[in-house]
Amino acid sequence: MQFIDLKTQYSLLKDKIDSNIHKVLDHGQYVMGAEVGELESKLADYVGVKHCVSCASGTDALVMALLAHNIGEGDVVVTTPFTFIATAEAIKFVGAKPLFVDIDLDTFNISPEKLAEALQAISNKEQTIHSAVCEDINQIKAVISVDLFGLPANASEINKVASEYNLTVIEDAAQGFGGSINDKKAGGLGDIGCTSFFPAKPLGCYGDGGAIFTDSDEIAELLKSIRVHGQGEDKYQNVRLGLTGRLDTIQAAVLLPKLEVFDTEIAQRQNVAELYTANLSNVDGLTTPSIPEGYTSAWAQYTLLAKDDAHRTQIMEHLKANGVPVAVYYPIPLHKQKVFESLGYSAGSFEVSEQAADRVFSLPMHPYLKVEEIEMICKLIEEV
Ligand SMILES: *Cc1c(COP(=O)(O)O)cnc(C)c1O
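Residues numbered from 1 in each chain as written. Predicted model: local features only at pLDDT ≥ 70, side-chain atom pairs only at ≥ 80, totals over all residues. Heavy atoms only, no water.

Caption draft 1: Spatial organisation of the pattern of salt bridges. Enumeration according to the criterion identifies 12 salt bridges in this entry. Put simply, E260 and K16 hold a salt bridge, and the shortest N to O gap is 2.9 Å. Pair noted here: E260 is in helix α8 (residues 249-260) and K16 is in helix α1 (residues 7-27), with a separation of 244 residues, a long-range link. Classification of E260 as exposed rests on a relative accessible area of 54%. Residue K50 pairs with D217 through a salt bridge whose shortest N-O separation is 2.9 Å. (Salt bridge = Lys/Arg side-chain N within 4 Å of Asp/Glu carboxyl O. Helix = DSSP H or I, 4+ residues; strand = E, 2+ residues; numbered from the N terminus. Buried < 20%, exposed > 50% of the residue type's maximum accessible area, 1.4 Å probe, protein only.)

Below you can see the structure in the form of structure tokens.
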């Protein structure tokens with residue numbers, strides 16, 4: 001059994017993917033070929049925004065979004081400590097500082113209430129755990145909300161709080177792409193959305209890739225410049241710092257047929273999740289994922305909470321012993337990572353994230369998981 005099965009999908013789409021790759025090999029436009037533009041326009045339609053600017057990875061998408069908003073040295077960006085390293089890494093990479101705000105345990109996403117409290121306290125010049133990161137509210141320029149495990153973060157509340165402080169909302173939809181809140185798609189829930197096409201993400205290519213979504217003509221133009229070394233009107237005019245941030249044409253060619261079946265796959269992931277939850281919601285000491293009314297998760301991961309660390313170890317060992325792959329996303333919250341030591345946070349700074357890190361585990365999740373496999377996994381968990 002596989003944690004994420006990419007081969008079954010390939011076998012179903014093989015003809016289209018192979019012929020698309022060969023088209024690129026034949027026309028030879030390996031960089032910014034026609035497939036890239038075609039994909040961008042389909043992705044923009046999918047999300048329901050005006051512009052999609054594709055790029056080389058989800059991490060580049062975040063870096064480019066920050067650069068396009070002129071965020072760097074001296075600035076502060078709020079985000080969650082319970083996410084993949086790339087979210088906060090991008091902030092530090094552009095020279096700004098991440099300011100962490102704890103999550104809600106039921107969604108694993110940043111808590112809008114705690115966001116409001118933190119901003120209020122800093123704006124009142126109160127003594128907070130953030131003093132090494134930020135003492136002046138005017139330093140804070142943006143919030144990166146993360147759609148963790150596929151569930152969109154609470155966009156309406158986050159956007160409301162952010163607008164009170166004039167902050168840009170950057171949605172990290174690397175895991176949430178394909179999810180939605182009341183028919184508004186992930187990637188389009190903030191001011192600007194970023195996603196990743198890393199193979200294991202809900203929509204993955206066969207290497208690295210990413211995309212950025214915005215309704216702003218001006219930001220889209222900036223992103224296109226940043227994507228190619230900050231180029232100006234002409235290729236050899238450079239007007240700002242940028243990077244080599246393009247999506248390969250071959251990856252766009254791989255993504256086109258995958259996008260056609262994406263909604264079907266999201267529905268299949270939903271079926272897998274529902275079957276897991278039906279079997280596991282009454283197991284003693286386990287907490288199954290809760291999806292708020294009106295939200296659709298992309299189910300990048302199916303993540304449960306065990307009673308405690310020991311209970312989690314017991315379950316994981318029993319599953320592994322029986323050939324079922326399991327994983328912990330994420331065992332160390334970012335405020336406890338060495339790279340962020342200088343922010344001055346410590347153990348206990350974000351108790352909910354720390355609790356989540358001690359208790360979460362994720363089960364195999366992909367659209368082609370069979371009913372028998374799901375039932376077998378659930379039975380093993382019940383045995384513990
Ligand atoms: C995967 C991921 C990224 C980074 O994407 P890459 O394409 O691997 O650079 C960023 N944020 C989150 C939440 C992710 O899961």
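Caption draft 2: Highlighting unusual backbone geometry. At the junction of Y329 and Y330, the peptide bond is cis and its omega measures out at 5° in the coordinates. For F108, which is not glycine, the phi dihedral falls at a positive 65°. For F108, the position within the fold is in the loop between β3 (97-100) and α5 (112-123). Accessibility expressed as a relative area gives 7% for F108, which makes it buried. If you check the backbone angles, W299 has positive phi at about 50° while not being a glycine.

Caption draft 3: Inspection of the environment of A61 at higher detail. Relative to the helices and strands, A61 resides in helix α3 (residues 58-68). C-alpha of A61 to C-alpha of I212: the two residues are 151 residues apart in sequence and 5.8 Å apart in space.

Caption draft 4: Up close: the UniProt feature "modified residue: N6-(pyridoxal phosphate)lysine" (unreviewed entry) in the chain. The positions that UniProt labels "modified residue: N6-(pyridoxal phosphate)lysine" (unreviewed entry) are, in the present scheme, K201. Relative to the assigned elements, K201 resides in the loop between β8 (192-196) and β9 (210-214). Residue class for K201 comes out buried when judged on its relative accessible area of 17%. In contact with K201, other than residues within four places in its own chain, are A174, S196 and R269. (UniProt positions renumbered as here; feature names shortened; annotations may be inferred. Contact = heavy atoms within 4.5 Å.)

Caption draft 5: Quick peek at the domain arrangement of the chain. Under the domain assignment used here, the chain contains domain 1 (6-260) and domain 2 (262-383). Taking only C-alpha atoms into account, the centre of domain 1 sits 24 Å from that of domain 2. Counting residues at the interface gives 53 residues for domain 1, matched by 40 residues for domain 2. Between domain 1 and domain 2 lies a buried interface of about 3,700 Å² when both sides are counted; carbon and sulfur atoms form 65% of it. Among the residues domain 1 hides against domain 2, the three largest losses belong to F82, L105 and F149. Together they make up 18% of the total. Between domain 1 and domain 2 we count one salt bridge in total. For the salt bridge of D263 with K185, the shortest nitrogen-to-oxygen distance reads 3.8 Å. Where domain 1 touches domain 2, the interface holds 18 residue pairs in polar contact (both at pLDDT 80 or more). Of the residues assigned to the side of domain 1 that touches domain 2, the class counts are 28 nonpolar, 14 polar and 11 charged. (Domains from an automatic or database assignment. Buried area = accessible area lost by both parts, 1.4 Å probe. Polar contact = N/O pair within 3.5 Å; in protein donor to acceptor, adjacent residues only side chain to side chain. Nonpolar A, V, L, I, M, F, W, Y, C, P; charged D, E, K, R; others polar.)

Caption draft 6: Fine view of the site of the ligand. Residues in contact with the ligand amount to 14 residues; listed here are only the nearest, G58, T59, D172, S196 and K201. In the model, a nitrogen atom of the ligand is placed 2.7 Å from a nitrogen or oxygen of the D172 side chain. Interatomic distance of 2.8 Å between a side-chain N/O atom of Q175 and an oxygen atom of the ligand. The protein chains hide 93% of the 380 Å² of surface that the ligand would expose on its own. (Near = heavy atom within 4 Å. Areas by Shrake-Rupley, 256 points an atom, 1.4 Å probe, with all protein chains shown as cover.)

Caption draft 7: Structural context of the packing of aromatic side chains. Per the counting criterion, the structure on display carries 19 aromatic pairs. Members of the aromatic cluster, connected to one another through ring pairs, are F3, F82, F84, F108, F149, Y329 and Y330. A cation sits over an aromatic face here: K201 above F84, 5.6 Å from the ring centre. (Phe/Tyr/Trp six-rings, centres within 6.5 Å; stacked < 30°, edge-to-face > 60°. Lys NZ or Arg CZ within 6 Å of the ring centre and 35° of its normal.)

Caption draft 8: Molecular detail of the pairing of strand β12 (residues 360-363). What you see with β12 is no split at all: V360 and S362 on one side and F361 and L363 on the other are buried throughout. With four bridges joining them, strand β11 (residues 302-305) and β12 adopt antiparallel strand pairing. Each residue of the ladder has a partner; that of L304, found in β12, is F361. (Pairing = 2+ DSSP bridges.)

Caption draft 9: Representation of the sheet that holds strand β6 (residues 180-181). The three strands are arranged β7-β6-β10 in an open sheet whose pairing can be described as antiparallel. The open sheet has two free edges, formed respectively by β7 (184-185) and β10 (295-296), since each of these has just one partner strand. Pairing between β6 and β7: two bridges, direction antiparallel. Note on β7: the bridge partner recorded for I181 is K184.

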